[in-house]
Structure formats: structure tokens, C-alpha cells
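Chain by chain, the residues run as shown.
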Amino acid sequence: MNIIVNGQSLSVQPNTALSTVIDTLNLKNQRFAVEVNGEIVTRSLHNQYVMQENDKVEIVVAVGGG
Amino acid sequence: MNTDEFKIAGKTYQSRLLVGTGKYRDFQETQQAIEESGAEIITVAIRRTNIGQNPNESNLLDFISPTKYTLLPNTAGCYNAEDAIRTLRLARELLDGHNLVKLEVLGDSKTLFPNMPETLLAAKTLVKDGFDVMVYCSDDPIQARQLEDIGCVAVMPLASLIGSGMGILNPWNLSIIIDQLQVPVIVDAGVGTASDAAIAMELGCAGVLMNTAIAQAKNPVLMASAMKKAIQAGREAYLAGRMPKKTYQAEPSSPTTGLISS
């Protein structure tokens, strides 16, 4: 099935946890925050959230800005 | 003992200079300039991470540690209240519940002037949601007062357009805002060089937030040092109280008596 991560389509197996998606993205040791369909999913719940078809995931980090 | 306290949302800071992390050549330069500036409150933006496109890309927070500095996530690039609120909720999650934020809701991509109705709307929701909101705003004293009434912890009018380096264009409006508000008034945007920062502080601003003036100087680290001194000098001049201006009458500094005669 398909999900959208930061605007890009990504194919994942059914019953994939959000944490599994995150693990494939090279975010180890980084601070990041995750939103699914406009709602924050807190860090402690990443392994409990099961991806649904067409879920829109936003993963953000801190970057330079004023 | 330093009795001139600079307090925001209950926390005391030594430096009245707040700096951004954008537009530097690289993270090393960002780190050096910020270190030299002496700033303790550092703004960051919140953006989508690359999802594997640049696996070895370094991370700003490896250079600007959230344990060393008070990070101030901003909502730059947001043009409505909803996007700004979403961005800051993500920032709070990213920074482990950290509540101090910089709200800016823009109204126009050419001037980056704030959209004040959306700013007020977002400020209300964020304050209710437990955020300590420092807010970028126009230099309109009425809007500034409304932001204080909502419960913002600092009101941050522009001195001139973001990134313009045009300096303090309307000191009178800034003075009115400073006079009528109880919360710290911080000039956010427009400072171009050290004298601009000193002027803002002499007017009685509680602090100055800047990014481009340092990052886009030919030597950012040296400009960071200059800004640190300008902020301190301006603050001390404000506290000392300047002499009255005498427009049409000179007054000698040396004695007028005891002159030798021919």
C-alpha cells in the first residue's frame, strides 16, 4: 500500500508500524518530530501506530533560520 | 552583582542579543558566530527532513546544542495561523516539550510583513495551549498591546523589513510600544549594523533579535562580536540616561573663568 512521507509517495507492507518507516530514513541520533494526517504522533507511540493506506506523514527537523 | 535582569517567561538571561541560525556559509561558521555573539536564545526553523536523499547531511543541532542554548523555534514561511500552530506543535515535540517559541505569520512574500489578524489568532491558540509566545509583529502600538493582552511573553516589532538591513526606521513607534507594554519589547528584524542595535537598545528595547546582519556580514564572527558590544553599550547608555539635547545653544565643557590674558 502507499503512504505519503514529506510529500513523496512510499510503498509499505500492510501492518507496518510508523517506527519501521522512520527506521528506513537515516534519522538515527537526530532530533525529529512526526505528524500523521495533521496530528502529532509522540515519540513513545511510533512503534504502536500502524500505517494506513494514504496516510500523510510529515517528519521535520530543526534547520537554520532567523 | 548584575541587577539589570533580562527575564523572559520567568527565566533570566545575561545577554540581550538573540540571534538566528540562517544564511551562514556552514554550520561551523554558525557555531563560531553564535559563540562570539554571547547570545543565549537562538532561533531555528522547522522543516521537512530529507528522507534519504542526502544520508550524510549534518544536523544543525549537532553544532548548536539544545542543552547549551535556549532554542527558539520559529514559524518562518507560515502564512496563516493554522500552519504556524502546527509548526510549533511539531517543534515542541522535537524539543521534548520545550514551550518557548517565536510566532511569525507572514502576510506578503515580497515584504515579509506580518499578517496581524492571523498572528493574533495564532497567538491566542498557542497561549491557551501552554506555549510561551514571543511574537514578531508590525510596529503598530495597538496591535502590540493586543498581543500583550493575549498573554505573549515578548512582543517583537520589526524595525524595518526582515533581512533588509535598513535599520531603525520608526523609532517613535517603537518608543510608544516600549512605553506602554509591561512585557519585554524586542526589535526583531531590520538591524543592519552595530549602531542600529545600539539605537534600538538606547530607545529602551529589552533586546534585539537578528540574523542576517551577522550572517551576511563579510566577517560574520567579527560582526557577532560587534553586535554583542553594541547591545551592551546601548543598554548601558539607556540605563545611564542621556544628557538633554540643546539644539541652539552650545555649552563649554571647560571652565569659562581663569583664562590667561594677554
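Preceding this paragraph is the structure being described.
We now turn to the structure provided with this report. In this text the structure is predicted, and so the values were computed from the model without any measurement. (Residues numbered from 1 in each chain as written. Chains lettered and ligands numbered in written order. Predicted model: local features only at pLDDT ≥ 70, side-chain atom pairs only at ≥ 80, totals over all residues. Heavy atoms only, no water.)

**What to know about the overall build of chain B**
The helix and strand tally for chain B stands at eight helices and 10 strands. On C-alpha atoms alone, chain B measures out to a radius of gyration of 20 Å, which is about the 18 Å that the 2.2 N^0.38 rule sets for 262 residues. Referenced to the eigenvectors of the C-alpha coordinate spread, the extents of chain B come out at roughly 90 × 40 × 40 Å. The buried share among the 262 residues of chain B stands at 50%. Long-range pairs, those at least 24 residues apart, make up 66% of the contacts in chain B with a sequence separation of at least 6. Summed over all atoms, the accessible surface of chain B reaches about 12,900 Å², with 50% contributed by carbon and sulfur. Looking at charge distribution, chain B has the averaged site of its 23 positive side-chain charges lying 2 Å from that of its 28 negative ones. (Helix = DSSP H or I, 4+ residues; strand = E, 2+ residues; numbered from the N terminus. Rg over C-alpha atoms; globule rule 2.2 N^0.38 Å. Buried < 20%, exposed > 50% of the residue type's maximum accessible area, 1.4 Å probe, protein only. Contact = heavy atoms within 4.5 Å. Areas by Shrake-Rupley, 256 points an atom, 1.4 Å probe, with all protein chains shown as cover. Lys, Arg positive; Asp, Glu negative; His and termini not counted. Charge placed at Lys NZ, Arg CZ, Asp CG, Glu CD.)

**What about the sheet that holds strand 6 (residues 100-103) of chain B?**
Residues and elements named next belong to chain B. Across the sheet, which stays open at both edges, the three strands sit in the order 6-7-8 with parallel pairing between neighbours. Of all strands in the sheet, those bounded by a partner on one side alone are strand 6 and strand 8 (154-157). Strand-to-strand twist of the sheet, defined as the mean angle between neighbouring strand axes without regard to direction, takes the value 20°. Pairing between strand 7 (residues 132-137) and strand 8: four bridges, direction parallel. (Pairing = 2+ DSSP bridges. Axes fitted to C-alpha atoms, helices over the stretch in contact; angles between N-to-C directions.)

**A word on the interface of chain A and chain B**
Of the residues lining the interface, 27 residues belong to chain A; the matching set on chain B comes to 29 residues. Of the roughly 2,600 Å² buried where chain A meets chain B, counting both sides, 54% is carbon and sulfur surface. Across the chain A-chain B interface, the total number found is four salt bridges. Close ionic contact of arginine 48 of chain B with glutamate 58 of chain A constitutes a salt bridge, the shortest N to O distance being 2.7 Å. (Buried area = accessible area lost by both parts, 1.4 Å probe. Salt bridge = Lys/Arg side-chain N within 4 Å of Asp/Glu carboxyl O.)

**Points about the pattern of salt bridges**
Residue and element names in this part refer to chain B. Per the counting criterion, the structure on display carries 13 salt bridges over all chains. In this structure, the salt-bridge partner of aspartate 4 is arginine 16, at a minimum N-O distance of 3.0 Å. In this pair, aspartate 4 sits in the segment before strand 1 (6-8) while arginine 16 sits in the loop between strand 2 (11-13) and strand 3 (17-19), placing the two residues 12 residues apart along the sequence. Linking lysine 68 and glutamate 35 is a salt bridge whose minimum nitrogen-to-oxygen distance equals 2.7 Å. One end of the pair, lysine 68, is in the loop between strand 4 (41-48) and strand 5 (70-73); the other, glutamate 35, is in helix 1 (residues 27-37), and 33 residues separate them in sequence. On the accessibility criterion, glutamate 35 (46% relative accessible area) is partly exposed.

**Topic: the environment of arginine 242 of chain B**
Take arginine 242 of chain B: it is sitting in the segment after helix 8 (220-240). Taking the C-alpha atoms as reference, arginine 242 of chain B lies 36 Å from valine 44 of chain B; in sequence the two are 198 residues apart.

**Focus: helix 8 of chain B**
Helical geometry: 3.6 residues make up each α-helical turn, so side chains three or four residues apart lie on a common side. All names here are of chain B. In this model helix 8 runs 30 Å from its N-terminal to its C-terminal C-alpha over 21 residues, within 8% of the 30 Å that 1.5 Å per residue would give. Every buried residue of helix 8 is accounted for by Pro220, Met223, Ala224, Ser225, Met227, Ala230, Ile231, Gly234 and Arg235. For helix 8, the elements touching its buried residues are strand 3, helix 1, helix 6 (194-202), strand 10 (207-210) and helix 7 (212-215). Following helix 8 by one or two positions, glycine 241 adopts a phi angle in the positive range, close to 80°. (Expected span 1.5 Å × (residues − 1).)

**Things to note about helix 4 (residues 141-150) of chain B**
Residues and elements named next belong to chain B. Those residues of helix 4 that fall on the buried side of the exposure criterion are Pro141, Gln143, Ala144, Leu147, Glu148 and Ile150. On its buried face, helix 4 is in contact with helix 3 (116-128), strand 7, strand 8 and helix 5 (171-180). Residue aspartate 140 occupies the N-cap position of helix 4, its side-chain oxygen lying 2.8 Å from the main-chain nitrogen of isoleucine 142. Among the residues trailing helix 4, glycine 151 stands out with phi positive, at a value near 115°. (Polar contact = N/O pair within 3.5 Å; in protein donor to acceptor, adjacent residues only side chain to side chain.)

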